[in-house]
Amino acid sequence: MSKLFTPFKIGDIEIKNRIVMPPMCMYKVKGDNGLPRCFHKLHYAARSLGGVGLIIVEATAVEPRGRITHSDLGLWSDEQIEEHANLVKDCAKYGAKMAIQLAHAGRKSTCDSQSIAPSAIKFSDDYKTPKEMSIDDINDLKQNFKNSAIRAQKAGYEIIEIHAAHGYLISEFLSPSINNRSDQYGGGFENRTRLLREILTDVKNAVNIPVGVRISADSWLNKDWKLDDSVKLSCELENLGAAYIHVSSGGFFDTKKLDNMPKFLPLYQADYAKAIKESVKIPVIAVGMITTASQGEALLMGNVCDAVAYGRELIRNPNFAQLAMSELGREDLIEKPYQRAF
């Protein structure tokens, strides 16, 4: 029996298999409204029809200046709920559970508006110098995450993911090299993780669906955010009620600054996921150049993770899950109209 095609739960939501489509920005919004288009509905629905168990919709901004680009999705307005609801309906009818990643780009925003960050340190020479956030800005940010989470639930999403990875705003607070604040949101580990812990608590109190967190387990810069910090943080997030931890890495700094960047080889992030899984009881999702059914099966059988995120592979092949069903002897799960192909 293939473990990749056994169900698992995130909170009280049962997911039919352990194949996850992670959030991957498509940069296909037209205009400046943040609304899903026909592209998004077809893009995600194709992966649901293809057999994916959990789809996490790409980074969706909680305010306009929180977008990475002007072509990003948003959920900062009630006017955006209906199109997200249509997207969810188009996907859920084919069996995938639908999640959404709520995000703020912080100093990595390329939009016209003034970017914000924990400190006025720009990402690179190609980016603007951000405004250091005031306490009022921080309180507004927390409210924006809360409001967007409420909209996500109204749209029909069954799971919310908080984006605290890849050098975007929440993860900027985690890094001692980016966060030079001297108030309650800067300094030691507890202060630098305070914003994420507060956002998680606020979002959980605002909705009654599971809330998970995506983190970068290592910033790839020595004397900065490391795996030990992520293990400690994951335990604290679990204690606060996080439903899962989605483990990625990197993205904090321009690659020219890095002194501890790994080689990008298959499963290069698996050890991060394993270290966190050994420390928490909630589900852990692994990601990072995982491209085959056998790799995913090995990760699950080796207790590295509880679910496997196939990113670029699902961009290449929306029917990857059905191919994996065939390879792992579960042809019975393939959509009947497609069985003749296997």
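Here the structure is a predicted model, which means the values were calculated and not measured. (Residues numbered from 1 in each chain as written. Predicted model: local features only at pLDDT ≥ 70, side-chain atom pairs only at ≥ 80, totals over all residues. Heavy atoms only, no water.)

**Topic: the overall build of the protein**
Then, number 1: If you tally the helices and strands in the protein, you get 11 helices and 13 strands.
Then, number 2: Computed over C-alpha atoms, the radius of gyration of the protein comes to 19 Å, within 12% of the 20 Å expected from 2.2 N^0.38 for 342 residues, which places it in the range of a compact globule.
Then, number 3: Expressed as lengths along the three principal axes of its C-alpha atoms, the size of the protein is roughly 60 × 40 × 35 Å.
Then, number 4: Counting all 342 residues of the protein, 58% fall into the buried class.
Then, number 5: Partitioning the contacts of the protein with sequence separation of at least 6, the portion at a separation of at least 24 is 71%.
Then, number 6: Summed over its atoms, the accessible surface of the protein is roughly 13,600 Å², and 48% of this surface lies on carbon and sulfur atoms. (Helix = DSSP H or I, 4+ residues; strand = E, 2+ residues; numbered from the N terminus. Rg over C-alpha atoms; globule rule 2.2 N^0.38 Å. Buried < 20%, exposed > 50% of the residue type's maximum accessible area, 1.4 Å probe, protein only. Contact = heavy atoms within 4.5 Å. Areas by Shrake-Rupley, 256 points an atom, 1.4 Å probe, with all protein chains shown as cover.)

**Regarding the environment of Asn205**
Then, number 1: Structurally, the position occupied by Asn205 is in helix 6 (residues 194–206).
Then, number 2: Residue classification places Asn205 among the exposed positions, given a relative accessible area of 64%.
Then, number 3: Between the C-alpha atom of Asn205 and that of Asp126, which follows or precedes it by 79 residues, the distance is 38 Å.

**What about the pattern of salt bridges?**
Then, number 1: Within the structure shown, the criterion is met by 16 salt bridges.
Then, number 2: A salt bridge links Asp32 to Arg67, with the shortest nitrogen-to-oxygen separation between them at 2.8 Å. One end of the pair, Asp32, is in the loop between strand 3 (19–21) and helix 1 (38–49); the other, Arg67, is in the loop between strand 4 (54–61) and strand 5 (73–74), and 35 residues separate them in sequence.
Then, number 3: Residue Lys131 is joined to Asp137 by a salt bridge in which the shortest nitrogen-to-oxygen separation is 3.0 Å.
Then, number 4: When its relative accessible area of 37% is taken as the criterion, Lys131 is described as partly exposed.
Then, number 5: Linked through salt bridges whose partners overlap, the residues forming this network are Glu190, Arg197 and Glu236. (Salt bridge = Lys/Arg side-chain N within 4 Å of Asp/Glu carboxyl O.)

**Overview of the packing of helix 6 against helix 7 (residues 227–239)**
Then, number 1: Relative orientation of the contacting elements helix 6 and helix 7 amounts to 25°, with a least axis distance of 10 Å. For the element pair helix 6 / helix 7, the angle class is roughly parallel. For the crossing formed where helix 6 meets helix 7, the hand is right-handed. Residues Leu196, Arg197 and Leu200 of helix 6 touch helix 7, and the partners they reach there are Leu233, Glu236 and Leu237. (Axes fitted to C-alpha atoms, helices over the stretch in contact; angles between N-to-C directions. Parallel < 35°, antiparallel > 145°, perpendicular 65-115°, else oblique. Left-handed = near helix turned anticlockwise from the far one by under 90°.)

**Side note on the layout of surface pockets**
Then, number 1: For the largest pocket, the calculated volume is near 980 Å³.
Then, number 2: Residue contributions to the lining of the largest pocket peak at 4 residues, all from helix 10 (residues 312–316).
Then, number 3: Residue composition of the lining of the largest pocket, grouped by class: 21 nonpolar, 12 polar and 6 charged.
Then, number 4: Here the second largest pocket defines a volume of roughly 150 Å³.
Then, number 5: Surrounding the second largest pocket, Phe5, Lys16, Asn17, Ser48, Leu49, Gly51, Tyr94, Gln322, Met325, Leu333, Ile334 and Glu335 form its lining.
Then, number 6: Of all the secondary-structure elements, those providing two or more residues to the lining of the second largest pocket are helix 1 and helix 11 (320–327).
Then, number 7: Looking at the lining of the second largest pocket residue by residue, the class counts come to 6 nonpolar, 4 polar and 2 charged. (1 Å grid on protein atoms, 1.4 Å probe; cavity = no way out; pocket = protein on both sides within 12 Å on 5 of 7 lines; lining within 4 Å. Points joined across faces, edges and corners; volume = space filled by probe spheres on them. Nonpolar A, V, L, I, M, F, W, Y, C, P; charged D, E, K, R; others polar.)

**Quick notes on helix 9 (residues 293–301)**
Then, number 1: Three or more residues of helix 9 are buried, namely Ala293, Gln295, Gly296, Glu297, Leu299 and Leu300.
Then, number 2: On its buried face, helix 9 is in contact with helix 8 (270–277), strand 13 (307–309) and helix 11.
Then, number 3: Two residues or fewer past helix 9, Asn303 is found with a positive phi of approximately 55°.

**Observations concerning the nonpolar core**
Then, number 1: One finds Phe145, Tyr157, Ile160, Ile162 and Val203 to be the most contacted residues of the largest nonpolar core, which totals 89 residues.
Then, number 2: Here the element with the most residues in this core is helix 3 (residues 135–155); it accounts for 6 residues.
Then, number 3: Residues Ile13, Val20, Ile56 and Val287 belong to the second largest nonpolar core, which totals 15 residues. (Core = buried A, V, L, I, M, F, W, Y, C linked by side-chain atoms within 4.5 Å.)

**Considering the packing of aromatic side chains**
Then, number 1: Tallied over the entire structure, the rule returns 7 aromatic pairs.
Then, number 2: For the pair Phe264 and Tyr268, a centre-to-centre distance of 5.2 Å together with 55° between the ring planes defines the contact as tilted.
Then, number 3: By way of ring pairs, the aromatic residues Trp220, Phe264 and Tyr268 are connected into one cluster.
Then, number 4: In this structure, Lys28 is placed above the aromatic ring of Phe39, and the distance from its NZ or CZ to the ring centre is 5.3 Å. (Phe/Tyr/Trp six-rings, centres within 6.5 Å; stacked < 30°, edge-to-face > 60°. Lys NZ or Arg CZ within 6 Å of the ring centre and 35° of its normal.)

**With respect to a nonpolar patch on the surface**
Then, number 1: Together, Met261, Phe264 and Met289 make up an exposed nonpolar region whose accessible area comes to about 280 Å².
Then, number 2: Along the chain, Phe264 turns up in the loop between strand 11 (245–248) and helix 8. (Patch = residues over 30% accessible without salt bridge, like charges linked within 9 Å, V, L, I, M, F, W, Y side chains within 5 Å.)

**Focus: the side chain of Ser115**
Then, number 1: Relative to the helices and strands, Ser115 resides in the loop between strand 6 (97–103) and strand 7 (116–117).
Then, number 2: Apart from the residues within four sequence positions on either side, Ser115 is in contact with Gly106, Arg107, Ser109, Lys128, Thr129, Pro130 and Lys131.

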